[in-house]
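Coordinate inspection notes
What follows is each chain in one-letter form.
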Amino acid sequence: KEVLEVGNFYNASEGEGLAFTWPTWKFWPIKIFSMQIDHCLLTKDIKLVSWKRGADTSSDHLPLIIEFSL
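Heads up: these notes are all about the structure in this document.

The rules behind each value
- Residues numbered from 1 in each chain as written.
- Predicted model: local features only at pLDDT ≥ 70, side-chain atom pairs only at ≥ 80, totals over all residues.
- Heavy atoms only, no water.
- Helix = DSSP H or I, 4+ residues; strand = E, 2+ residues; numbered from the N terminus.
- Buried < 20%, exposed > 50% of the residue type's maximum accessible area, 1.4 Å probe, protein only.
- Contact = heavy atoms within 4.5 Å.
- Polar contact = N/O pair within 3.5 Å; in protein donor to acceptor, adjacent residues only side chain to side chain.

Considering the side chain of S13
Along the chain, the position of S13 falls in the loop between β1 (9-11) and β2 (41-43). Judged by relative accessible area, S13 falls into the buried class, the value being 7%. When residues no more than four places from it in sequence are discounted, the contact partners of S13 are A19, Q36 and W51.

Details of the environment of Y10
In this fold, Y10 is placed in strand β1. On a C-alpha basis, the gap between Y10 and I46 in space is 9.8 Å, while along the polypeptide they are 36 residues apart. Sequence-distant contacts of Y10, that is, excluding residues within four places in its chain, are made with L4, C40, L41, L42, T43, K44, I46, K47 and L48. Side-chain polar atoms of Y10 contact the backbone nitrogen of L48, separated by 3.4 Å.

As structure tokens, then:
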């Protein structure tokens, strides 16, 4: 929260609800412990066009696919 305020940023996933990006492991038994630890921070002069999680790439994180305009 402090980084957002001090840097005058906003989080691209704002308004996306529960934007879990970690972990992706198929055997992860309890989804309640999933969390969003991957973020894209933008400044107010960068317009977010789209935000989505990408497909599982065999990493323990889901990729973020961000489209923006200047």
